[in-house]
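# Coordinate inspection notes
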Amino acid sequence: MGSAPQYRRDDGGRRRAGRWRRAALAALITGALVLPLSGAVRPETPAPAPASLAPLSASTLDEAYAANRANAAEAARMAAAHHDRDRAATDRQLAAPTRHLLRFDGRGSGRVTEVLGDLARADRVAVLVPGSDTGLDTYGRFHAAAAALHRQLARQAPAGPRTAVVAWLGYETPGTVSTTVTTTGRAEQAAPHLRALVADLRATTGGGTRISLLCHSYGSVVCGRAAAGLAVDDIALVGSPGTGADTAAALHTRARVWAARGADDWVEHVPHLSADLFGTSVGFGTDPVSPAFGARAFAAGDVGHSEYFSPGSTSLTNLARIVLGETKAVTHD
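Let me sum up the structure you'll find in this document. (Residues numbered from 1 in each chain as written. Predicted model: local features only at pLDDT ≥ 70, side-chain atom pairs only at ≥ 80, totals over all residues. Heavy atoms only, no water.)

Moving on, we get to the overall build of the protein chain. When you go through the protein chain residue by residue, the secondary structure sums to seven helices and ten strands. Looking at the protein chain residue by residue over its 333 residues, the buried ones come to 49%. The contacts in the protein chain between residues at least 6 apart in sequence include a share of 67% that link residues at least 24 apart. Of the roughly 15,500 Å² that the protein chain leaves accessible, carbon and sulfur atoms contribute 55%. (Helix = DSSP H or I, 4+ residues; strand = E, 2+ residues; numbered from the N terminus. Buried < 20%, exposed > 50% of the residue type's maximum accessible area, 1.4 Å probe, protein only. Contact = heavy atoms within 4.5 Å. Areas by Shrake-Rupley, 256 points an atom, 1.4 Å probe, with all protein chains shown as cover.)

Right, let's talk about the pairing of strand S6 (residues 234–238) for a bit. Where a strand is regular, its side chains alternate between the two sheet faces. Summarising burial for S6: five of the five residues are buried, a large majority. By the alternation rule, side chains of S6 split into Asp234, Ala236 and Val238 and Ile235 and Leu237, which are all buried. With respect to chirality, the unit in which strand S5 (residues 210–216) leads through helix H6 (residues 219–226) into the neighbouring parallel S6 is right-handed. Relative to strand S7 (residues 256–260), S6 runs parallel, the two sharing five bridges. Paired with Ala236 across the two strands is Trp258, which belongs to S7. (Right-handed = clockwise from strand over helix to strand, strands pointing away. Pairing = 2+ DSSP bridges.)

Counting through the fold element by element, Arg195 comes out in helix H5 (residues 185–205). It is 9.9 Å that separates the C-alpha atoms of Arg195 and Val232, two residues lying 37 residues apart in sequence. Not counting the four nearest positions on each side in its chain, Arg195 is found in contact with Ala226, Ala227, Ala228 and Leu230.

To continue, consider the nonpolar core. Residues Val127, Leu194 and Leu213 are the most contacted members of the largest nonpolar core, which totals 45 residues. By residue number, the principal contributor to this core is H5, which donates seven residues. (Core = buried A, V, L, I, M, F, W, Y, C linked by side-chain atoms within 4.5 Å.)

A word on the packing of helix H2 (residues 61–81) against helix H3 (residues 85–94). Between H2 and H3, whose axes approach to 8 Å, the crossing angle comes to 160°. Considering the angle they form, H2 stands roughly antiparallel to H3. The way H2 lies across H3 gives a crossing that is left-handed. Residues Arg69, Ala72, Ala75, Ala76, Ala79 and Ala80 of H2 touch H3, and the partners they reach there are Arg87, Ala88, Asp91, Arg92 and Leu94. (Axes fitted to C-alpha atoms, helices over the stretch in contact; angles between N-to-C directions. Parallel < 35°, antiparallel > 145°, perpendicular 65-115°, else oblique. Left-handed = near helix turned anticlockwise from the far one by under 90°.)

Structure below.
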């Protein structure tokens, strides 16, 4: 009898503490929008305008690859003349004869769309959509994720189907510490470009190829904005802060929608809020791994926010199963 009031007080205290934590996190999101942090702006390295390309198709792939490699080589020369050794080295690597670039733009933070595998003959195509702080200066880690998936697909299906991976750095990603990372603005700008890529892939591979979007972190907001009516078969959201939609059904896609979060991913603590402030939308709504969202939740293991494509991880194994269409083999928590 005497202990019951104490439990009620403790429960009320925990509820109040929870409300304070949620309010504080929401204030941080709002502060990121209205109180931007100042920082040094990286001087822009000169680069040529993108190569002029014919409409993409199986017959023009090699032409596109060659033109974009030549453009990357010229960007490397210009960066070296500008004494930007790091950018020159990245551009030089992308200009190598073994690299297959559907698009390349070395200006500003940079844009790259790179193919791993034989795109024209692929039965399954995975498109990786990156999150914040991804640009030419950090492209190596994004390429490493695409390469790890490409190897995993070959390992899990050595006798077929034929697969290709597309590393799509096709938009200006937000900075992790910036006003843009808490809003849908960059995603809304990116969505038409992602839709155009999917149209190009359909034109190149034919109607029978299955296309999957693998969307990491802020990239899941991009996928959410592009999803409506998009001709893809699967959309997998990993390390997602939300999509900007309250439910998977609100994405208006015929694709199967998947979601996973690693046990060590800090994004779990991001408040799943959405509000219109000062003419823009702040926050990304319902947690994609929650039952309320309605996605197909799958196991990611103990990975952290940047480790979903780590070789040997549960998340990478399951992502490969999704791409391959082995949906019954996908494991769940």
